[in-house]
Structure formats: structure tokens, C-alpha cells
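# Geometric and topological summary
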Amino acid sequence: MSFLKFHHVFFMLLALAAMSAFMIPPRFTDPGRAQVQGIFEPVSKPTRLVALWAKQRFFSEPSSDPRTPAVVGDENQRLRVTLANVSAQLEQLKLVNRDRELLGDVRDLCTPVAVTGSDPGGRDSLSTAGTTLQGIKPGMKVLYPGGLVGVVDRAGATGSQVRLVTDRGFKLLGRFGRFVTRNDGNVEFVRIATDPILFTGQGGGILLSSNLTTRDFQSAGIQNGDWLTLDDRDWPINLSGYKIGRVVGSATQVGSPLFIDVRVAPSRNLSELREVMVMVKN
Amino acid sequence: MRWLSYFILAYVALGLQTGLASFVQYQGATPNLVLLVGVFIALNAPRDAALLGCFSLGAMQDLVTQHPLGLFALAYGLIGMFVLSTQEIVYREHPLTHFSLGLAGGLMTGAVVGLHGLIHPDQHVPPLMLFTSALLTAVIAPFVLGPLQKLKWMFKFQPKRQRPRAF
């Protein structure tokens, strides 16, 4: 007769789960779950599409504009992102003459993949239908027409997980900018003269910077609505100047009044995207 | 317990949770449908099946979340143990039971996720968000567990008793 009872096995499973959750680094456990994480797609994808339709149908504000605002808005947004991006690329290429072949719309380097669900555990991440068979690999950058989405965290044969830039602990360097109308009527994207600023994801669709001094913030004249664009050497050079989000608020830190908290949010709720573009070439 | 029914229910619940999570939320907190399925299993199934069922549900949820593997398996395993201990003393059909078990389960999940956030501060989840999530889960619990209780015959939780042979 075995001395091993069910509760022994169960407590071993609990101990294993606790070790995996608290002690074992995710890089050892992620490859396994990446292979099977897409199995819920047959239920989650239609559910998501129905929820998206219902939200647009019942909870969106009515518009008096007879044109299709979604199409015009998306195009406008995409052109602005491209303009800011290309301006920054040109700036970089003045310094680095190589990588000339990478100039242009980064969408040509991307593969579109459908979003099948968002994180059921309260984190900022997306499940996508992109698989390793399509060339999706961990670490690839993910975009949408309105800016950056995040990074592929794990990829497998059935789907992949994208960690959003707003997820807790996600770090990147960015620089502020805004569109200004010149005297000749042309619109130009101008980067505000500050050093690259570290932003950290806070969850709930927000990025926060806490290391900008109040004096620098005020002298740069940063306002709500200004763009935060990427300026991070760890990212591909052709994403330099790509839009991350807009400034949505700022407040002096309670503990250290010389510093200011700047809050940035992406233009759209990234958790509600229907499709994203994974940058498979760079 | 009929495991095929269990896996179908778990699959549908996880698919719904993954599909709806970003649309059904308040201040970033979402109700947890998978947790309620765990409570339903622990409330009705025999001891071993209930514990294994809850643990497996958590492990399945771990597959699609950004949290580390094992976090929800641990949380739901503990919830299974807790709900199992109340099996004999609660009125399983009552909405108040569903509400209180949903709240307790949500708080226990929040405690495990919160503890993980304390150890790994870069993945810290605000306590208020965890509490709101627990509260939302408790609010929808009677609407989820009530209908599930009506369908519990599909899961064959109680094994058939042998009829005494007539002599």
C-alpha cells in the first residue's frame, strides 16, 4: 500500500505553483505556456468581437459628421505618427548615415495579427493569433496605426502574448513633442528640448515619469495633449520618434516637491485593439 | 465528477474572461468569472476532485495572463481548500452564499497577487484595484453561480449509490 495520499500530491502541486510564481524566473516557465496559450481563441475571439461591437453600438457618443470619422481619424492619426516618426528618423540619419534603407513607413516591416483577448489577470497584455509559424518571436516590437503597443513577451505554435507599454514595470525612454503651424501654414512636428525621460508603465493604460524636475517641466512648456515619442537606444532606430501617447496629467510629487509626476496615456485603449502589427523585420 | 463537463465549462469561462476582460471593467478592475467556476466546483464536488479542479482552473488561467506561471493555480488551490471547508455548513443555493464566497475568493486571490507584488515591486498591483475586482466578482456571483447550480446535474458531482440488493 502506498503512503502517498491525494493531499500529499495536492500540497506538492501547491508548493510547485508557489515556487513557479515567486521564485523561478519567467524565462524558464514562459516557453512552455507559450505553446498552448492560444487554445482559448475559438471562444475568446468571437466574444471579444461581440463585446467590441456592443461597445461601439451602445456606448459610443453619436457624431453629427456625415463622413466616417473612424476612417478619417485613423488616417489622420497614422499620418501624424508617420510624420513624427520620419522627422525623427531624418534627424537620426543626419548623425548616422548608415541604415538608410530603413527609412520610410515601418508598416512595411510589419505583419498584422488579430488580437484574440486581453489579460484575464488584470495585467496590461494582449493575446494574439500570431504564432511562431508566422515568424513571431519574443522581443519583437508591436505597433498600431496610433503608435506603439508593446513587445512580444512569449510566442508559440498556437498564439502569442504581447506585453503592453502600459503594463506595470514596462520601461522606455521618450521625448516630448507637439505639432505647430508655421507661418506658411504648414504643420511641423517639433520635439521639445528635454533629455530622454524614463517612463514606466503603471497598469490601467497609463505610463508615468517621476524623474523630471518641476523646473525642467515648466521651462519646456509641456502641456496636456503633447505627444510622447520614443527615444530609446534599446529599440530599433526606425522606431525612433514613434508615438507612445499623449500627456494626460501632471502633478507635483507630494514627497519631493522639486519633482513632478507626468502621466501619459496612449491615444486609444490598447486593450481594446482588434488588430496589431508585429515588426518582424528591422 | 464528470471531467468532460468540467473542462468544457473551464474552457468557456476562460474564453469569456479573456474576451471580455477589457470591456467589462471598472477603474481597471474586472470581475473574475474563472474564480466563480472554481467556487462552483469546490462547493459541489467531492474533496479530491474539487481541489484538483480548482488548481487546474488556476493553471489554465496562468496560460493566458502576464502574471508568472503558478500564481493563479496557487490562489485557486487555496480557495478550493477554503470553500471545501465550508461545503457542509453553507446553503449552496442561496445568493448570499454565492456573494460571500465570491467575495472571499476574490480577496484571497487579491492577497496572493498582492503578496507577489510585494516580493516583485515592479509588478505591484494597487490594493484598491484588487479589492474592487473582488467586489465586482462578488456582485456577479449570484448571477453566475445561481444558474450553474441549476446545471450541476451535468457534472455528476455525487457518485451513484449502489442499490441494496433485494433478497
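Residues numbered from 1 in each chain as written. Chains lettered and ligands numbered in written order. Predicted model: local features only at pLDDT ≥ 70, side-chain atom pairs only at ≥ 80, totals over all residues. Heavy atoms only, no water.

### Some points on the overall build of chain B
- Broken down by element type, chain B carries six helices and zero strands.
- The linear arrangement of helices and strands in chain B, starting from the amino end, is α-α-α-α-α-α.
- Over its C-alpha atoms chain B spans a radius of gyration of 16 Å, differing by no more than 12% from the 15 Å that the globule rule assigns to 167 residues.
- Seen through its principal axes, chain B has C-alpha atoms that stretch 70 × 30 × 30 Å.
- The burial tally for chain B puts 54% of its 167 residues in the buried class.
- Put simply, of all contacts in chain B between residues at least 6 apart along the chain, 74% involve residues at least 24 apart.
- Carbon and sulfur atoms form 70% of the exposed surface of chain B, whose accessible area is close to 7900 Å².
- Between the averaged position of the 10 positive side-chain charges in chain B and that of its 5 negative side-chain charges there is a distance of 21 Å. (Helix = DSSP H or I, 4+ residues; strand = E, 2+ residues; numbered from the N terminus. Rg over C-alpha atoms; globule rule 2.2 N^0.38 Å. Buried < 20%, exposed > 50% of the residue type's maximum accessible area, 1.4 Å probe, protein only. Contact = heavy atoms within 4.5 Å. Areas by Shrake-Rupley, 256 points an atom, 1.4 Å probe, with all protein chains shown as cover. Lys, Arg positive; Asp, Glu negative; His and termini not counted. Charge placed at Lys NZ, Arg CZ, Asp CG, Glu CD.)

### What to know about the pattern of salt bridges
All names here are of chain A.
- For the structure on display, the rule yields nine salt bridges over all chains.
- Between arginine 154 and aspartate 153 there is a salt bridge, with the nearest N and O atoms lying 3.9 Å from each other.
- Of the residues examined, aspartate 153 reaches a relative accessible area of 26% and is grouped as partly exposed.
- For arginine 163, the salt bridge identified is with aspartate 167, shortest N-O distance 2.8 Å. By the burial criterion, arginine 163 is buried, and aspartate 167 matches it. (Salt bridge = Lys/Arg side-chain N within 4 Å of Asp/Glu carboxyl O.)

### A word on the sheet that holds strand 13 (residues 275-279) of chain A
- The antiparallel closed barrel is built from six strands, whose spatial order is 1-2-5-4-3-13 (chain A). Taken over all neighbouring pairs, the strand axes of this sheet differ in orientation by 45° on average, direction set aside. (Pairing = 2+ DSSP bridges. Axes fitted to C-alpha atoms, helices over the stretch in contact; angles between N-to-C directions.)

### Thoughts on the side chain of asparagine 32 of chain B
Residue and element names in this part refer to chain B.
- Tracing the backbone through its elements, the reader meets asparagine 32 in the loop between helix 1 (3-20) and helix 2 (33-44).
- On the basis of relative accessible area, asparagine 32 is assigned to the buried category, the value being 7%.
- At 2.7 Å, the side chain of asparagine 32 and the side chain of tyrosine 76 are in polar contact. (Polar contact = N/O pair within 3.5 Å; in protein donor to acceptor, adjacent residues only side chain to side chain.)

### Observations concerning empty space enclosed by the protein
- The tally for this structure, following the rule as stated, stands at three cavities of 30 Å³ or more.
- Estimated volume of the largest cavity: approximately 220 Å³.
- Gly121 of chain A together with Thr30, Asn32, Leu130 and Ser133 of chain B are, among the 22 residues lining the largest cavity, the residues nearest its centre.
- At the level of elements, helix 5 (95-119) and helix 6 (127-150) of chain B are the ones that each hand at least two residues to the lining of the largest cavity. (1 Å grid on protein atoms, 1.4 Å probe; cavity = no way out; pocket = protein on both sides within 12 Å on 5 of 7 lines; lining within 4 Å. Points joined across faces, edges and corners; volume = space filled by probe spheres on them.)

### Observations concerning the interface of chain B and chain A
- Listed by partner, the interface residues are 46 residues for chain B and 43 residues for chain A.
- Both sides together, the interface formed by chain B and chain A hides about 4100 Å², and carbon and sulfur atoms give 67% of it.
- The interface formed by chain B and chain A holds zero salt bridges in total.
- The interface formed by chain B and chain A contains 23 residue pairs in polar contact (both at pLDDT 80 or more).
- Mapped onto the side of chain B that touches chain A, the elements with two or more residues apiece are helix 1, helix 3 (47-63), helix 4 (71-86) and helix 5 of chain B. (Buried area = accessible area lost by both parts, 1.4 Å probe.)

### Observations concerning the packing of helix 1 (residues 6-22) of chain A against helix 4 of chain B
- Helix 4 of chain B packs onto helix 1 of chain A with a crossing angle of 145° between their chain directions and a minimal axis gap of 7 Å. The two elements helix 1 of chain A and helix 4 of chain B meet at a crossing, and its hand is left-handed. Across the interface between the two elements, Phe10, Phe11, Leu14, Ala17, Ala18, Ala21 and Phe22 of chain A from helix 1 of chain A touch Leu71, Ala73, Leu74, Gly77, Leu78 and Met81 of chain B from helix 4 of chain B.
- A per-class count over the contact of helix 1 of chain A with helix 4 of chain B returns twelve nonpolar, one polar and no charged. (Left-handed = near helix turned anticlockwise from the far one by under 90°. Nonpolar A, V, L, I, M, F, W, Y, C, P; charged D, E, K, R; others polar.)

### Description of the packing of helix 2 of chain B against helix 6 of chain B
Residues and elements named next belong to chain B.
- It is at 10 Å that the axes of helix 2 and helix 6 come closest, and there the two elements cross at 50°. Between helix 2 and helix 6, the interaxial angle falls into the category oblique. Crossing of helix 2 over helix 6 shows right-handed handedness. Listed contacts from helix 6 to Leu33, Leu35, Leu36, Val39, Phe40, Leu43 and Asn44 of helix 2 are Thr137, Ile140, Ala141, Val144, Leu145, Leu148 and Gln149.
- Per-class residue counts for the contact of helix 2 with helix 6 are eleven nonpolar, three polar and no charged. (Parallel < 35°, antiparallel > 145°, perpendicular 65-115°, else oblique.)

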